[in-house]
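These are the residues of each chain, in order.
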Amino acid sequence: MRALFVTLDKCPNIDAGAVRTHMIAKMLVDSQFDVTVISMGPYNDNGLDVVDGIKYISFRPKSNAIISKVVAYTIFHLKLKRFLNNNRFDFIFHTQVDECTFKVIKKQHSKLVYDAVEWFSPEQFKNGAESHTYKLNNNYNTRYITGMHKVISISSYLYKNFCGRCIDSLLMPVVLDVKNIPYKKCPGNKINIIYAGVPGKKDYLDVMIKAICLLKEEERSCLHFKIIGCSKQQFVTNTTLNKDEITQAEVIVEFLGRITRKDVLNEYKNADFSVLIRPAAARYAQAGFPTKLVESLSTATPVICNYTSDIDKYIQNMKNGIVVNGEDEYACLESLRCVISLDRKSILEMQKHARRTAEQYFDYRIYVNKMIEFIEG
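The rules behind each value
Residues numbered from 1 in each chain as written. Predicted model: local features only at pLDDT ≥ 70, side-chain atom pairs only at ≥ 80, totals over all residues. Heavy atoms only, no water. Axes fitted to C-alpha atoms, helices over the stretch in contact; angles between N-to-C directions. Helix = DSSP H or I, 4+ residues; strand = E, 2+ residues; numbered from the N terminus. Parallel < 35°, antiparallel > 145°, perpendicular 65-115°, else oblique. Contact = heavy atoms within 4.5 Å. Nonpolar A, V, L, I, M, F, W, Y, C, P; charged D, E, K, R; others polar. Salt bridge = Lys/Arg side-chain N within 4 Å of Asp/Glu carboxyl O. Buried < 20%, exposed > 50% of the residue type's maximum accessible area, 1.4 Å probe, protein only. Lys, Arg positive; Asp, Glu negative; His and termini not counted. Patch = residues over 30% accessible without salt bridge, like charges linked within 9 Å, V, L, I, M, F, W, Y side chains within 5 Å. Areas by Shrake-Rupley, 256 points an atom, 1.4 Å probe, with all protein chains shown as cover. Charge placed at Lys NZ, Arg CZ, Asp CG, Glu CD. Pairing = 2+ DSSP bridges. Disulfide = S-S within 2.5 Å. Polar contact = N/O pair within 3.5 Å; in protein donor to acceptor, adjacent residues only side chain to side chain. Left-handed = near helix turned anticlockwise from the far one by under 90°. Phe/Tyr/Trp six-rings, centres within 6.5 Å; stacked < 30°, edge-to-face > 60°. Lys NZ or Arg CZ within 6 Å of the ring centre and 35° of its normal.

**What to know about the packing of helix α1 (residues 16-30) against helix α16 (residues 368-376)**
α16 packs onto α1 with a crossing angle of 80° between their chain directions and a minimal axis gap of 9 Å. In terms of orientation, α1 lies roughly perpendicular with respect to α16. Residues Ile24, Met27 and Leu28 of α1 lie in contact with α16, whose contacting residues are Val368, Met371, Ile372 and Ile375. Partitioning the contact of α1 with α16 into residue classes produces seven nonpolar, no polar and no charged.

**Examining the pattern of salt bridges**
What the rule picks out here adds up to 15 salt bridges. Between Arg278 and Asp203 there is a salt bridge, with the nearest N and O atoms lying 2.6 Å from each other. With Arg278 in the loop between β12 (273-276) and α12 (283-287) and Asp203 in the loop between β9 (191-196) and α7 (206-214), this pair connects stretches of sequence that are 75 residues apart. Each member of the pair, Arg278 as well as Asp203, is classed as buried.

**Some thoughts on the side chain of Lys269**
As for its placement among the helices and strands, Lys269 is situated in helix α11 (residues 261-269). No salt bridge is formed by the buried Lys269. Its closest oppositely charged neighbour is Asp263, at 9.7 Å. Not counting residues within four places of it along the chain, the set of residues in contact with Lys269 comprises Pro182, Tyr183, Lys184, Lys185, Thr299 and Thr301.

**Overview of a positive patch on the surface**
Judged by side-chain charge, Lys81, Lys103, Lys106 and Lys107 come together as a positively charged surface patch. Note that Lys81 resides in helix α3 (residues 76-85).

**Side note on the sheet that holds strand β5 (residues 91-94)**
Pairing is mixed in the open sheet, where eight strands are placed in the order β3-β4-β2-β1-β5-β6-β7-β8. A single partner strand is all that each edge strand has here, and the edge strands are β3 (49-51) and β8 (169-171). Averaged over all adjacent pairs, the angle separating strand axes in this sheet is 20°, with direction ignored. Where β3 lies against strand β4 (residues 54-58), three bridges are found, and the strand directions are antiparallel.

**Some thoughts on the state of the cysteines**
In total, this model carries zero disulfides according to the counting rule given. Cys163 forms no disulfide, and the closest cysteine sulfur to it belongs to Cys166, at a distance of 9.1 Å. The closest cysteine sulfur to the non-disulfide-bonded Cys338 is located on Cys305, 12 Å from its own sulfur.

**As for the environment of Asp343**
Examined against the element boundaries, Asp343 turns out to sit in the loop between α14 (329-340) and α15 (344-361). Sequence separation of Asp343 and Asn85 is 258 residues, and the distance between their C-alpha atoms is 62 Å. Reaching out from Asp343, the side chain makes a polar contact with the backbone nitrogen of Ser346 at a distance of 2.8 Å.

**Looking at the packing of α7 against α14**
For the pair α7 and α14, interaxial distance at closest approach is 8 Å and the crossing angle is 60°. Every pair of crossing elements has a handedness; the one defined by α7 and α14 is right-handed. Here Val207, Met208, Lys210, Ala211, Ile212 and Leu214 of α7 come into contact with α14, specifically with Glu329, Tyr330, Cys332, Leu333, Ser335, Leu336 and Arg337. Class assignment of the residues belonging to the contact of α7 with α14 gives a composition of nine nonpolar, one polar and three charged.

**Looking at a nonpolar patch on the surface**
Where nonpolar side chains cluster on the molecular surface, the patch consists of Ile66, Ile67, Val70, Val71, Ile75 and Leu78 and spans about 550 Å² of accessible area. The element that contributes the greatest number of residues to the nonpolar patch is helix α2 (residues 66-74), accounting for four residues. Inspection of the secondary structure assignment puts Val70 in helix α2. Judged by relative accessible area, which is 46%, Val70 ranks as partly exposed.

**Brief notes about the packing of aromatic side chains**
Following the criterion strictly, the structure yields 18 aromatic pairs and no others. A ring pair is formed by Trp119 and Tyr157, whose centres lie 5.9 Å apart and whose planes are at 75°; its orientation type is edge-to-face. With Trp119 in the loop between β6 (111-116) and α5 (132-144) and Tyr157 in helix α6 (residues 156-164), the pair connects residues that are 38 residues apart, well separated along the chain. Classification of Tyr157 as partly exposed rests on a relative accessible area of 35%. Seen in terms of ring centroids, Tyr314 and Tyr361 are 5.2 Å apart; in terms of plane orientation they differ by 65°. Their pairing is edge-to-face. Residue Tyr314 is found in the loop between β13 (303-305) and β14 (321-323), and its partner Tyr361 is found in helix α15; the two are separated by 47 residues along the sequence. Judged by relative accessible area, which is 12%, Tyr314 ranks as buried. Of the residues examined, Tyr361 reaches a relative accessible area of 32% and is grouped as partly exposed. Through successive ring pairs, a cluster of aromatic residues spans Phe102, Tyr114, Tyr140, Tyr144 and Phe162. A cation sits over an aromatic face here: Arg2 above Phe89, 4.4 Å from the ring centre.

Right, here's the structure in full:
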């Protein structure tokens, strides 16, 4: 069987979407499929890169000039059409792509599988429901995907949506190659907490920093907080914190900026806890499923989090994480004081449970048979 995966993500592993694509492709390869992925990954001189038995083709141009990138995205569908004129596939998987590319995919005589991973909220955008990005995503979830597709849903929220529209769907959260993610811990003198991502885009990082400011000085001295994904300047520019709060927090906060995914996993591996706070009522938080939560558990790092999406199915308070009962600084303050009160033996036990959770629920191998039965059924 031949399968094609079409995505605008940066494959094979630069962003979260690309990592998910790679995991689904690995499921197919493990089942003896011939798999090709077309993406906007790093330029490879129109050649073919093979990773884990998966063939990767990039439509990204050599030039990094903005105009070159704009043109590349604009003509993506034309290059895909030309490619498909010369190649036939039994299955075509795709993520959310632009409308022109989607029309090219729909015209193929292949079984179509859509990977649904998000449903935006209007409040995420300056123009609200009038935003083109919002409209496109909303149309995918309400109109574009029909009974001619099968859908892999990353959350129960999306799964119920597509099943309610009589579209065959498979519920599959974030999956990783957990078996091959290292997780040995190096305990330090302080409790190391990590946040990895782009604060302000989806996550409520400010409330955790505010909670740090509310701690007594001797309590703060027990912690080291590391923020990965933005520089100090970027954080200060976008934060709602006042100058005094920033000054108070920066004593224990370290900014690493953007680093490779491999380095991010290494930082998780060396952390005692990670943190993830999202607005529970927001649709995007219910419909998505955070890759960073699964990466954290895979490296044996318990998560300090509130319940959104399907997180309550996997995180148990004081077993493999700390559940924050709310999404404001006072709820976060309570969780931080809980963390500070833990001894090393208790933290180690939670870390063991975190890794076991990842092995039990999020290793891609768990879903291989379900996936094949689903797409072939």
